[in-house]
Each structure stands twice: as structure tokens, then as C-alpha cells.
Amino acid sequence: MIKYFDIHGILKCRFEWEKYGAFTEDLDQKINYFQVDKVYSPDIDVRIGDFNPDLDGCRICDEGIYVKDNFIFCKGANPKVKWVIQVNGLFDGRTIVNVKAKLISLRGFLAPNLLMWSLLIPLLELKFFERGYMLLHSAAVSRDGNAYLLSGRGGAFKTSVVMDLVRSYSYEYMSDERSLVTFGRVLSFPTHIRIFEFCLNNLKSENMNVIAKLRLLHNLIKSQQPEIKVKNEGELSGLLFLNPSTKEFKVENLDSELAARKMLSNQVMESFEALKIVNIDVSPLFKCFNAYSAVYPHSPLANFERRLFLKLKRVLSDIPIYNVYIPLEYSKDVAEFVAKLLQRL
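Below is a short write-up of the structure.

Quick notes on the rules
- Residues numbered from 1 in each chain as written.
- Predicted model: local features only at pLDDT ≥ 70, side-chain atom pairs only at ≥ 80, totals over all residues.
- Heavy atoms only, no water.
- Helix = DSSP H or I, 4+ residues; strand = E, 2+ residues; numbered from the N terminus.
- Buried < 20%, exposed > 50% of the residue type's maximum accessible area, 1.4 Å probe, protein only.
- Contact = heavy atoms within 4.5 Å.
- Polar contact = N/O pair within 3.5 Å; in protein donor to acceptor, adjacent residues only side chain to side chain.
- Core = buried A, V, L, I, M, F, W, Y, C linked by side-chain atoms within 4.5 Å.
- Pairing = 2+ DSSP bridges.
- Axes fitted to C-alpha atoms, helices over the stretch in contact; angles between N-to-C directions.
- Phe/Tyr/Trp six-rings, centres within 6.5 Å; stacked < 30°, edge-to-face > 60°.
- Salt bridge = Lys/Arg side-chain N within 4 Å of Asp/Glu carboxyl O.
- Expected span 1.5 Å × (residues − 1).

1. Thoughts on the environment of E172
No. 1: Relative to the helices and strands, E172 resides in strand 13 (residues 172-175).
No. 2: Since its relative accessible area comes to 34%, E172 is described here as partly exposed.
No. 3: Expressed as a C-alpha distance, the spacing of E172 and F34, which sit 138 residues apart in the sequence, is 18 Å.
No. 4: Discounting chain neighbours no more than four positions away, the residues touching E172 are A140, V141, S142, V166 and K231.

Here's what the structure looks like:
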């Protein structure tokens, strides 16, 4: 089975499965919103299934990690997960990824490619950065052509706020998990869009009980096209950090340097939280990138985090940024407060 994805014309991907099977594709495929019939000359070519590693000439950096010029390989396992991944063409030419990953759990049964997507996120971040964009852990909404980022740790009610801003305050949906950001511009990056649409149409907030989860699965089995309209682009006009706290409805100004550090710190912490879902402590590709940087200290990977910070600081320098303290329990009062704050930006 082969699927093609074209992400705003910036990054084109081809995925080929040796054998594909999923309870529902909308749960299994993270970026179905960007699926197209065909792409030519994909930037990333991902092949899922058995493969023979190309380890000739590699240096062994750690148990299961091999690197050579423009190439990384790693493998690992624990009682609930197994993975083998090889990336050839890290920087030059087409990036070819071979991966075999297995998650032994109910999540793995319902979404067998969930682990694969978790492994690939650091590579997508690198590839977008090479093309001038940052893939950030941040929700985004738009109104009148202006795009606003809503950042925060997992559990900061970003999705719930986006839901109510769309339902009650005439904002347009861009994303509720990640956004593509560059100078003065935000691009949508909706993930699992039918899950968000279900929450938007059926729930008061993002929190789901068992009955809601069963209804969601029943909805996803229908394999219908999402009806929600996505605003694909907007002018970067503001950033809010959502912080559930006992300091209810308090607002502080932030400068771009502190905001950049806070956003990237949230991004790192969120990556750890996301990996817990697939029973991994640290991203295997993140460990590979660090190993590659040690062997090739002048490669683009060696100073990637520094370059990302400096660019994000510059991108945020011309917009208003606020630290927003909200109640520990979500209610529509939170969305109302955020909507009033956005009107001031």
C-alpha cells in the first residue's frame, strides 16, 4: 500500500507499507489531512516493513546506534515495543527512511503506525527547518487573516480553547497540536483531524470518558471525509502561553527570548509525554541525532537546537506575547477570557 502527502508544497512524502492494516485509518494516520493522489520526486520516502540495514562503514556510537556520513540507524526494544529505523540522506538529496516498528498494546492494535509516526517527528522537524519553517508544539486559530498561536504543556486545555473559539467566537481552525511557523506566517498542521471534529461536534471539552471514546471509535469506523473547514494560512499576530494554575485569569507580558525558551522547553517536555503513549522514554531519533552530532560536530545537526532557538526568537520579536494563567478546571470562562485577550492583540 502506498500513500502520498503534500504538506503545503513545502514537504512531499511517500509512504509505502509492505503490509498495511489498521482498525481505522483516521486514528492510524497522523497527517491524513495532507493526503494527495500522487507526488513526484518526494522529499521523504518512507518504507515500512522488513529491510536489510546498510551498516558498512558505520561507527557504533551506543548500543543499537550506528552513524556514517548522511546516515543514521538505530534499533531497540522493551517488553511493549520494538523498532528498527534507518535514515539515508539526512541532508543531501531524497531522504529514504526504512522503519519497522511494533507497539504491543491496545493502542498498537487500533493504530499500528502510531509508533512509526512518533519515531519520525524529529526528522520532520529537521526537514521543515531546512526549508525555512518550524514545526512547533502549538495550537493555532485565525480570524480576519490573523493567526494566533496557543502554546502550553500537555493538559493546558489548548484543544478545548480552540474548540470554543471556533464554536462561539468566529475563529477558524488551523490546528490543535502543532503548527508550522516562519517569519510573519503561520501554516496549518492539523493532526487526526476527524478526532478533533468529533470533539468539536459532540463534547464540551477535549476530555473524554469511556463512553465518548467508544462513540469516537464508532464515528471513525465510518471512514467519511471531515467536514470541518481548515484555515491553511494566516499572518502571525500573537502568542499566548496557557498555564493552568491557582493564579486564575492573570496575564503577564513576555519578551521574545523568554518566549522562545519557554516554547522550546514545552516542546521537549511534550515530546517526552507523547512518547510515553508508545512506551518509550526518549525519542530514538533524538538519541541518534545527538550521536551524529558527536561524530560530525560541524554538521547541521550539531547546532540545530541553537539555530532553532535563534530563529524562533527573531520570529517572535515583532508580535505581542502573553503568559496566561487559567483555572485548573476548564470551563467556557477560559475561552471567553482568551477571546477577549485576543481582541486586544
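From this point on, the discussion continues.
2. Things to note about the environment of S245
No. 1: Among the structural elements, S245 can be located in the loop between strand 16 (233-244) and strand 17 (250-253).
No. 2: By relative accessible area, S245 is classed as buried at 14%.
No. 3: When the C-alpha positions of S245 and L106 are compared, they lie 33 Å apart, and in sequence the two are 139 residues distant.
No. 4: Residue contacts for S245: discarding those within four places in its chain leaves Y325, I326, P327 and L328.
No. 5: A distance of 3.0 Å separates the side chain of S245 from the backbone nitrogen of K247, its partner in a polar contact.

3. Section: the nonpolar core
No. 1: Formed by 76 residues in total, the largest nonpolar core has its most connected members in F15, I72, I85, L90, V97, F128 and L239.
No. 2: Residue contributions to this core peak at 11 residues, all from helix 3 (residues 114-130).
No. 3: Non-local contacts of I72, meaning those with residues more than four positions away in its chain, are made with Y66, V67, I85, Q86, V87, L90, L285, C288, F289 and Y292.
No. 4: If you look at the next biggest cluster of nonpolar residues, it comprises 39 residues, including L110, Y148, V324 and A339.

4. So, the sheet that holds strand 3 (residues 35-36)
No. 1: On the basis of which strands lie adjacent, the open sheet formed by nine strands has the order 3-1-2-4-9-8-7-6-5 and mixed pairing. A single partner strand is all that each edge strand has here, and the edge strands are strand 3 and strand 5 (59-62).
No. 2: Helix 3 contacts strand 1 (2-7), strand 2 (11-17), strand 4 (44-48), strand 8 (81-88) and strand 9 (95-103) of the sheet and is inclined by roughly 150° relative to strand 9.
No. 3: The strands touched by helix 8 (residues 284-295) within the sheet are strand 5, strand 6 (65-68), strand 7 (71-78) and strand 8, with strand 7 carrying the most contacts at an inclination of about 140°.

5. Let's talk about the packing of aromatic side chains
No. 1: One pass over the full model with this rule turns up 16 aromatic pairs.
No. 2: Ring geometry for F157 and Y330: centres 5.5 Å apart, planes at 45°, overall tilted. Within this pair, whereas F157 is found in the loop between strand 12 (146-151) and helix 4 (158-168), its partner Y330 is found in the loop between strand 18 (321-326) and helix 10 (332-344), the two being separated by 173 residues in sequence.
No. 3: Looking at F157, the relative accessible area reads 9%, which means it is buried.
No. 4: An aromatic cluster of three or more residues is present, and its members are F5, F15, W17, Y20 and W117.

6. Considerations on the pairing of strand 7
No. 1: Of the strand pairs in this sheet, strand 6 and strand 7 are connected by four bridges, and their pairing is antiparallel. Residue I65 lies in a different strand from strand 7, and its bridge partner there is C74.
No. 2: Hairpin connection of strand 6 to strand 7: two residues between the antiparallel strands, including N70 at a positive phi of 70°.
No. 3: Bridge analysis of strand 7 against strand 8 gives eight bridges, and the strand direction is antiparallel. Bridged to F73 within strand 8 is Q86.
No. 4: Linking strand 7 to strand 8, which pair antiparallel, is a turn of two residues.

7. A short note on the pattern of salt bridges
No. 1: Within the structure shown, the criterion is met by 17 salt bridges.
No. 2: Salt-bridge contacts for R14 lead to D45; the nearest nitrogen and oxygen are separated by 3.2 Å. In this pair, R14 sits in strand 2 while D45 sits in strand 4, placing the two residues 31 residues apart along the sequence. Each member of the pair R14 and D45 is classed as buried.
No. 3: A salt bridge links K313 to E257; its shortest N-O distance comes to 3.5 Å. One end of the pair, K313, is in helix 9 (residues 304-316); the other, E257, is in helix 7 (residues 256-277), with 56 residues separating them in the sequence.
No. 4: Classification of K313 by relative accessible area gives partly exposed; the value is 28%.

8. Concerning helix 9
No. 1: Over its 13 residues, helix 9 extends 18 Å from the first C-alpha to the last, a length consistent with the 18 Å expected when each residue adds 1.5 Å.
No. 2: Within helix 9, burial applies to F304, L308, F309, K311, L312, V315 and L316.
No. 3: Buried residues along helix 9 sit against helix 3, strand 10 (134-136), strand 14 (179-182), strand 16, helix 7 and strand 18.

9. Things to note about the pairing of strand 16
No. 1: Counted residue by residue, strand 16 has nine buried out of 12 residues, so it is predominantly covered.
No. 2: Note that strand 12 and strand 16 share six bridges and pair parallel. Its bridge partner lying in strand 16, L149 is registered against L239.
No. 3: Pairing of strand 16 with strand 18 involves six bridges; the strand directions are parallel. Each bridged residue has a counterpart across the sheet, and for L242 the counterpart in strand 18 is V324.

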